[in-house]
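Coordinate inspection notes
Chain residues, written in single-letter form:
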Protein chains: 2
Amino acid sequence: MKKTFVILLLLPSILLGQELKSPNGKFSLQFKLEEGTPSYELSMSGEPIIEPSGLGFELVDMPSLLSDFEIKNTTTSTFDETWEPVWGESSSIRNHYNELLVELEQTSTNRLMNIRFRLFDDGLGFRYEFPEQEKLVYFVIQEEKTQFALTGDHKAFWIPGDYDTQEYNYTTSKLSEIPGLMDEAVTPNASQTPFSKNGVQTALMLKTDKGIYINIHEAALVEYACIHLEVNPGTFVLESHLTPDAQGKKGYMQSPRNTPWRTVIASKHAGDILLSNITLNLNEPTAYEDTSWIKPVKYIGVWWEMITGKSSWAYTDVPSVRLGETDFENAIPNGRHAANNEKVKRYIDFAAEHGFSQVLVEGWNVGWEDWFGKSKDYVFDFLTPYPDFDVVMLRDYAKSKGVRLMMHHETSGSARNYERFMDKAYQFMADNNYNSVKSGYVGNIIPRGETHYGQWMVNHYQYALEKAAEYKIMVNAHEAVRPTGLSRTYPNLIGNESARGTEYEAFGGNTPDHTTILPFTRLIGGPMDYTPGIFETDMTKLNPDNKSRVNTTIARQLALYVTMYSPLQMAADLPEHYEQHLDAFQFIKDVAIDWDTSLVLEAEPGDYITYARKEKGTNNWFVGRTNDEETRTSNIDFSFLDKDKTYVATIYSDDATAHYLTNPKGYKISKYRVTPKSKLSQMCAPGGGYAISIMEVKDKSETKGLKRL
Amino acid sequence: MKKTFVILLLLPSILLGQELKSPNGKFSLQFKLEEGTPSYELSMSGEPIIEPSGLGFELVDMPSLLSDFEIKNTTTSTFDETWEPVWGESSSIRNHYNELLVELEQTSTNRLMNIRFRLFDDGLGFRYEFPEQEKLVYFVIQEEKTQFALTGDHKAFWIPGDYDTQEYNYTTSKLSEIPGLMDEAVTPNASQTPFSKNGVQTALMLKTDKGIYINIHEAALVEYACIHLEVNPGTFVLESHLTPDAQGKKGYMQSPRNTPWRTVIASKHAGDILLSNITLNLNEPTAYEDTSWIKPVKYIGVWWEMITGKSSWAYTDVPSVRLGETDFENAIPNGRHAANNEKVKRYIDFAAEHGFSQVLVEGWNVGWEDWFGKSKDYVFDFLTPYPDFDVVMLRDYAKSKGVRLMMHHETSGSARNYERFMDKAYQFMADNNYNSVKSGYVGNIIPRGETHYGQWMVNHYQYALEKAAEYKIMVNAHEAVRPTGLSRTYPNLIGNESARGTEYEAFGGNTPDHTTILPFTRLIGGPMDYTPGIFETDMTKLNPDNKSRVNTTIARQLALYVTMYSPLQMAADLPEHYEQHLDAFQFIKDVAIDWDTSLVLEAEPGDYITYARKEKGTNNWFVGRTNDEETRTSNIDFSFLDKDKTYVATIYSDDATAHYLTNPKGYKISKYRVTPKSKLSQMCAPGGGYAISIMEVKDKSETKGLKRL
């Protein structure tokens, strides 16, 4: 399975101890200990990326771990391995870095703290390690004091730092402008705790005046609080700000223990940021012996009509529910409950007809009448369906059509309640042929005072993920902490939301450039269940009271299946809307969800991204281009194709009249024969884009009559 | 099973609406609504017990529920039922009260709040009820404002109000002296959160200058925060103070919902307080169909030698443990681990020889090396034994001797971790022939910021209790919230600690009058696992470093089996100590743990208590007398005996030289023939007392040579 190739060379610390170069020599990392105070700096091709920056911790009721250190030992080594993910943007990933381990001892306290740096050809990862020791066993972090001293007032693509949500539009501004723009950047959410005018979230995307792209994030967030960054608008120093617990503490630690990795990816080319594997490589290999049960999923769902307000999750309109007491059998239905037998059968039929493997059904279980915003502890039992949802009948009906239902576990943030039911709920799934669950954490967290991104809930998401694996269940957690590459270790984490998804198009809309930024930010940590594929962009067509518009053209919606990488892809619109555009819908049916190779053909954060990806195990390629609010022309060639093979390309593009506001449905579809020499110059409408399927044809005759591009 | 006899009479509210008398007319309750503000007052035989006292709530982010009410309706009714507890101080209990239901509406908000008063022949219970309604569905209590306006500066038997512990010695003082005595009353504990100089806990025992005894407590504490009382030292008004959550809120409510009952028991005779069944009667009938699996338990345990410091719970001396990673098989044992196969077999042999049904073993499972005071989340898995504890061998060995092991689940306060393992842990018990568990909550609660007595943990204890019942497991929860009569509804709650138990005799000692107060305070809510029976009172004999002395004589240790009612009684000392005094030990072997009848022959809180109890299903009686630090003479008669039966009494008393400090082992044992005409005048040493077993003999010849008392 795995081609491993490791050199481990130990060199005298005096010689190399404080400097490290990347395997290709492009990056240089300096570790310094000045008067006992540790710091690091990073440069790329001689250009400083991170200037000398502090390292360490403030602790609760203990002396800090910031100064008074001496170097006990330093070790450098090299690692080079190629590994194969269970699913991914490419079928094999090289993990190649030089490593510097600095072992520090605080002389006044004899406490030990190590810092491990890994320098890759595209950036840096480092973490703190607390080895087993006598003087520092149990301790509580008041704050991590990791700095990223930037070289200037870079352009930043940012969302407000918040302990409970990432569901914000991105603001593009200079670092110095962040405090002044914070108030308008904080838009309403079901649960939100912005903490500072200077606070932003990671992955933070930056661009320098010299055109260098920098990305700062974290990898392998386990049993620790999610990191935010506090921006100093005068010095451009970013400093870590961990998510606190109910008492304002940042982390309960027991040695031996490591922190997550802090990552800095940098390049002169924006595409290199998108293709970097640093986040995955800094995570551990898969923890599971058997991963054969983990498979990418293309699905539809009974969902969008509730999001838009056309239908309801709830079966009745009673003001409050007590599970086990409220009598749903004899309750008056509100007549708007979408998760009913007839509708779900219709979705199953549609999925079977068009080749989707699963059908998500939200609102299937009792408790939705007062699920939200009540700080209610026992909201759902994850076991009891509404009277109009026949679990066994629908399970068997789906089975008969070669389709599975996808489970939905909304928790309303009540983590205790979910954990109490977890084994029963997963067993119920196993008993009823479900193998994937979309979990949700809408609203404030219970235990009250804890937040979505604190150590407590990070522990909970991990618990749910590993518990699900015991039942061979794949997890797609919404409103959970944003991913940090954990899907390498726990590949049943096939999706996350943890950002402003398509649902917000029905809640007032996303900015037209939203999907040109997400791959540089949220997706650095892992795939997103963005739920694209909305063909009807006028929400009043579904719900007269909903004046929202989806800020996109249909062509761009298709492109998102390529540009928003995920092994879990939804066709989010209603079947009847797809049936009005089956020609365009064909791309959604054709597009792959697992890949051998991914290329970035064009990319500029905030403006556009064009990907080409080769389907895993075939010679078919898919190209996607997402565009911002400007009219732009995309120029790509097809040199990635094999000159010995014959391909037919189907281009789904905006037509001349297309515009996300005035004519979102203006698309055209054209077929060509393409070769490595082919070139395309394609207009992209405001809020538009294009998608191309490039299918290998075995028989040249299939290209008869097709123009060569 | 149950003899029920109910009259329900509805009377016009105008007539009786605001006044209520007890069935015997002794107590009178006045409800008043003055200018929209509700209040109540209580009198006994014309004497005021509670003067006009306020009722209501302050709410979070809502107008308060204190004033602006109008009476919508009042209803009175009478209830009279006799029921049989699964276990108890008597085999049948009469539940006889008159009830007044006052239905209130807050005119400005149209919110509904009812108050239900139940007046018994020995006192009052009342609670708030929030009926199903539109205007008040979800709400958060900032504070309950229930007052108990006392008539003067009564003598109080109190412990400091505290969110985390009741393990304090009692202070006896005037109400007005409480603030001045608070600091010295707050002695150290593993987890403690005293909240005010004026705060005391319930059950609060009071005595007026006129010699009236008053007890204030609560009944049926479910899904609500534990109540404390704030004493106004000038006005003698007590006001409710609920235990807050991590955010300082007092209770999350959803209508329909009732609060627990607030109780006031009063009498001119101290014994009536001890015999009152108000707390049990205000709880619901048993929730379980089948209670045949619930049985009183007399047990010994591998416990006291760890408490005294002779042995350790931990198997090794490693500074920190990671379950699943720490290798105990190859670890170096510390040589002091008590829960080892040989020792447990010795205890099993002793239990079998002397008729104990169970053997508690603490420290059997991995994790004790760093279990305590580390705010450690994953402390125990409740499944994995230390290498020197063979679960299957010991299970089978015990079975072969007709004995069961008693499970121990120490949680270190980590409630999340316990809930995650609960099903597995109880299944493990069922698989290994355990049917009872002693659970422990030492240290601060996790989720951090929650406390032992807040709504969060009250919910947890209840969850554990009902989950245990699914596995037919009896629960004895230590460091949990003090009982409130819930054992009527959930009779598998066979024990609680929730007060300063015998263990503190090895932690510096309990006051000599401690056990003359506990029955008037802690035991009002339910039985306590006090773990009496210590024969070796000099701790240096077990551990030279432990200078503590058990402040008792041996005779009094025997008496506690009668005076400290519990269906779960431990013989807490080491087998070798009992073997040195097998004559005295005979009483512990003989004494019953379930009763047909209980009588109080003498009682004065802080001075002495003498109980006589008839064993359930036999004609044997047991008498126990606990004495404070004074030399006192107890004068009792035996008129409770049946004149047609023949009895032999064995009196275990202090001898002339006995003293809890100078000669705790000075006891004598004498046998007599006793009849209803018999009288006893018995000297009780300081810290002493006596115990009497009165066995019916079928054949008069068995009394041959015995003097008649």
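Computed from a predicted structure; not experimentally measured. (Residues numbered from 1 in each chain as written. Chains lettered and ligands numbered in written order. Predicted model: local features only at pLDDT ≥ 70, side-chain atom pairs only at ≥ 80, totals over all residues. Heavy atoms only, no water.)

**As for the overall build of chain A**
Under the convention used in this document: Helix and strand labels come from DSSP, where a helix needs a run of H or I of at least four residues and a strand needs a run of E of at least two; each type is numbered from the N terminus. We compute the radius of gyration from the C-alpha atoms alone; for a globule the expected value is 2.2 Å times N to the 0.38, where N is the number of residues. Only protein chains enter the calculation, and the probe is 1.4 Å; a residue is then buried if its accessible area is under 20% of its type maximum, exposed if over 50%, and partly exposed in between. Residue burial considers only the protein chains on display, and all accessible areas are found by Shrake-Rupley using a 1.4 Å probe. Counted as positive: Lys and Arg. Counted as negative: Asp and Glu. His and the chain ends are not counted at all. Lysine's charge is taken at NZ, arginine's at CZ, aspartate's at CG and glutamate's at CD.
Helix and strand counts for chain A come out as 13 helices and 37 strands. For a compact globule of 709 residues, the expected C-alpha radius of gyration is about 27 Å, and chain A comes in at 25 Å, within 12% of that figure. Here the C-alpha coordinates of chain A stretch approximately 70 × 70 × 50 Å along the principal axes. In chain A, which comprises 709 residues, the share counted as buried stands at 66%. Split by element, the accessible area of chain A, about 23700 Å² in all, is 49% carbon and sulfur. A distance of 5 Å separates the average location of the 71 positive side-chain charges in chain A from that of its 95 negative side-chain charges.

**What to know about the packing of aromatic side chains**
Worth spelling out the cut-off: Stacked, edge-to-face and tilted are the three classes for Phe, Tyr and Trp ring pairs, Trp counted by its six-membered ring, which pair at centre distances within 6.5 Å; planes under 30 degrees apart are stacked, over 60 edge-to-face, the rest tilted. Counted as over-ring charges are cases with an Arg CZ or a Lys NZ within 6 Å of the ring centre that also lie within 35 degrees of the ring normal.
Considering all chains together, one arrives at 82 aromatic pairs over all chains under this definition. Judged by centre distance (6.1 Å) and plane angle (45°), the ring pair of Tyr288 of chain B and Trp293 of chain B falls under tilted. For the pair formed by Tyr288 of chain B and Trp293 of chain B, the shared burial category is buried. Taken together, a centroid distance of 5.7 Å and an interplanar angle of 10° make the contact between Tyr378 of chain B and Phe421 of chain B stacked. In this pair, Tyr378 of chain B sits in the loop between β24 (358-361) and α7 (391-400) while Phe421 of chain B sits in helix α8 (residues 415-431), placing the two residues 43 residues apart along the sequence. For Tyr378 of chain B, a relative accessible area of 35% gives the class partly exposed. Exposure remark for Phe421 of chain B: the relative accessible area of 16% places this residue in the buried category. Taken together, the ring pairs in this structure connect Trp313, Trp368, Trp371, Phe372, Tyr378, Phe380, Phe382, Tyr418, Phe421, Tyr426 and Tyr471 of chain A into an aromatic cluster. Against the face of Trp83 of chain B rests Arg488 of chain B, its NZ or CZ located 3.9 Å from the ring centre.

**Comments concerning the domain arrangement of chain A**
All names here are of chain A. Short version of the rule: These domain limits were set by an automatic method or by a database of domain assignments. By the convention used here, residues are in contact when the closest approach between their heavy atoms is within 4.5 Å. Put simply, buried area is how much 1.4 Å-probe accessible surface two parts lose in total, over both of them, once they are put together. Counted as salt bridges are all cases of a side-chain nitrogen of Lys or Arg within 4 Å of a carboxyl oxygen of Asp or Glu. For this analysis, a polar contact is any N or O atom pair within 3.5 Å, provided that within protein one partner can donate a hydrogen and the other can accept it, and provided that sequence-adjacent residues contribute only side-chain to side-chain pairs. Three classes are used, and their members are as follows: Ala, Val, Leu, Ile, Met, Phe, Trp, Tyr, Cys and Pro are nonpolar, Asp, Glu, Lys and Arg are charged, and the others, Gly among them, are polar.
Looking at the assigned domains, one finds that chain A contains domain 1 (7-281) and domain 2 (503-566 + 584-590 + 597-709). Measuring from the centre of the C-alpha atoms in domain 1 to the corresponding centre in domain 2 gives 34 Å. With 28 residues of domain 1 in contact, the opposing surface of domain 2 contributes 27 residues. Both sides together, the interface formed by domain 1 and domain 2 hides about 2300 Å², and carbon and sulfur atoms give 60% of it. Contact with domain 2 buries area across many residues of domain 1, yet Glu89, Tyr170 and Leu274 alone supply 31% of it, more than any other trio. Summed over the shared surface of domain 1 and domain 2, the result is two salt bridges. Note that Arg613 and Glu89 form a salt bridge whose closest N and O atoms lie 2.7 Å from each other. For the pair domain 1 and domain 2, the interface holds 11 residue pairs in polar contact (both at pLDDT 80 or more). Counting residues per element, the ones that place at least two in the side of domain 1 that touches domain 2 are β16 (204-207), β17 (213-219) and α3 (270-275). In terms of residue count, α3 provides more of the side of domain 1 that touches domain 2 than any other element does, five residues in total. In terms of residue class, the side of domain 1 that touches domain 2 is built from 14 nonpolar, 11 polar and three charged.

**Considerations on the pattern of salt bridges**
Residues and elements named next belong to chain A. Following the criterion strictly, the structure yields 82 salt bridges over all chains and no others. Linking Arg346 and Glu576 is a salt bridge whose minimum nitrogen-to-oxygen distance equals 3.7 Å. Taken as a pair, Arg346 in helix α6 (residues 341-354) and Glu576 in helix α12 (residues 575-579) lie far apart in primary sequence, 230 residues in all. Exposure remark for Arg346: the relative accessible area of 32% places this residue in the partly exposed category. A salt bridge links Lys698 to Glu696; the shortest N-O distance between them is 3.2 Å.

**Quick word on the sheet that holds strand β11 (residues 138-144) of chain B**
Residue and element names in this part refer to chain B. How we decide: Think of it this way: DSSP has to see at least two bridges between two strands before they count as a pair. Interaxial angles span 0 to 180 degrees and are taken between N-to-C directions of axes, which are lines fitted to C-alpha atoms, for helices over the stretch in contact.
Here three strands make up an open sheet; going across it, the order is β6-β11-β20 and the pairing antiparallel. Edge positions in the sheet fall to β6 (57-59) and β20 (251-254), since each has one partner strand and no second. The average undirected angle you get between the axes of adjacent strands in this sheet is 50°. By the bridge criterion, three bridges tie β6 to β11 in an arrangement that is antiparallel. Note on β11: the bridge partner recorded for Phe57 is Glu144.

**Description of the relation of the copies chain B and chain A**
The pair of chain copies shares a relation made of a rotation about an axis and a shift along it. Here is the rule: We superpose the copies by least squares over the C-alpha atoms of residues that have a pLDDT of at least 70 in both of them.
Under the fitted operation, chain B is carried onto chain A by 0.0 Å of movement along the axis and a turn of 180°, and the coordinates agree to an RMSD of 0.0 Å. The transformation relating the two chain copies, once decomposed into turn and shift, fits a two-fold axis. A high fraction, 100%, of the interface residues of chain B reappear at the interface in chain A, so the copies pair face to face through one surface.

**Some words on the interface of chain B and chain A**
Facing the 31 residues of chain B at the interface are 31 residues of chain A. Summing both partners gives a buried area of about 3000 Å² for chain B against chain A, and 47% of it is carried by carbon and sulfur. Among the residues of chain B in contact with chain A, Arg420, Arg448 and Trp456 of chain B are the three that bury the most area, contributing 23% of the side total. The tally of links between chain B and chain A comes to two salt bridges. A salt bridge links Glu419 of chain B to Arg420 of chain A; the nearest nitrogen and oxygen atoms lie 2.7 Å apart. Between the two partners, chain B and chain A, sit 17 residue pairs in polar contact (both at pLDDT 80 or more). Those elements that place two or more of their residues in the side of chain B that touches chain A are β20, α8 and α9 (455-470) of chain B. Residue contributions to the side of chain B that touches chain A peak at five residues, all from α9 of chain B. Residue classes in the side of chain B that touches chain A are distributed as 10 nonpolar, eight polar and 13 charged.

**Points about the UniProt feature "domain: Glycosyl-hydrolase 97 N-terminal" (unreviewed entry) in chain A**
Our working definition: UniProt positions are given in the numbering used here, feature names are shortened, and annotations may be inferred rather than shown by experiment.
Sites flagged by UniProt as "domain: Glycosyl-hydrolase 97 N-terminal" (unreviewed entry) map to residues 20-285 of chain A. As annotated, residues 20-285 of chain A has a helix share of 7% and a strand share of 50%, and its two end C-alpha atoms lie 25 Å apart.

**Observations regarding the side chain of His408 of chain B**
All names here are of chain B. Inspection of the secondary structure assignment puts His408 in strand β25 (residues 404-410). At 3.3 Å, the side chain of His408 and the side chain of Glu362 are in polar contact. His408 has contacts with Leu360, Val361, Glu362, Gly363, Trp364, Trp368, Val437 and Lys438, leaving out every residue within four places of it along the chain.

**A closer look at the confidence of the model for chain A**
Residue and element names in this part refer to chain A. Basically, it comes down to this: The quantity called pLDDT is the predictor's confidence in a given residue, expressed from 0 to 100.
Mean pLDDT over chain A: 96, with 98% of residues reaching 70 or higher. Note that pLDDT drops below 50 for residues 1-17; the model gives that stretch 32 contacts with residues more than four away or on any other chain. Here the prediction assigns the complex a pTM of 0.96, and the interface score ipTM is 0.94.

**So, α9 of chain B**
Because the α-helix completes a turn every 3.6 residues, residues three or four places apart line up on one side. To be explicit about the condition: A helix is expected to reach a length of 1.5 Å times the quantity of its residues less one.
Helix length check: α9 of chain B (16 residues) gives 23 Å between terminal C-alpha atoms against 22 Å at 1.5 Å per residue, within 8%. Once α9 of chain B ends, the next one or two residues include Lys472 of chain B, with phi positive near 55°.

**Section: the packing of helix α8 (residues 415-431) of chain A against helix α9 (residues 455-470) of chain A**
Residue and element names in this part refer to chain A. What counts is decided by this rule: In this scheme, roughly parallel covers angles under 35 degrees and roughly antiparallel covers those over 145, while 65 to 115 is roughly perpendicular and the rest are oblique.
Contact geometry for α8 and α9: axes closest at 11 Å, N-to-C directions at 5°. Relative to α9, the element α8 lies roughly parallel. Contacts from Ala415, Tyr418, Glu419, Met422, Asp423 and Tyr426 in α8 reach Met457, His460, Tyr463, Ala464, Lys467 and Ala468 in α9. Of the residues assigned to the contact of α8 with α9, the class counts are eight nonpolar, one polar and three charged.

**Some details on the pairing of strand β26 (residues 436-440) of chain B**
Residues and elements named next belong to chain B. Put simply, the rule is: Call a crossover right-handed when, viewed with both strands pointing away from you, the route from the first strand across the helix to the second goes clockwise.
Of all the five residues making up β26, five are buried; the element is thus mostly covered by neighbouring parts of the structure. Where β25 meets β26, four bridges bridge the pair, whose relative direction is parallel. Paired with Met407 across the bridge in β26 is Val437. Traced from β25 through α8 to β26, the parallel crossover comes out right-handed. In this structure, β26 lies alongside strand β27 (residues 474-478), joined through five bridges in parallel fashion.

**Some points on the environment of His154 of chain A**
Residue and element names in this part refer to chain A. Along the chain, His154 turns up in the loop between β12 (147-150) and β13 (155-158). Residues His154 and Ser255, spaced 101 residues apart in sequence, show a C-alpha to C-alpha distance of 38 Å. One polar contact links His154 to Thr151, side chain to side chain, over a distance of 3.4 Å.

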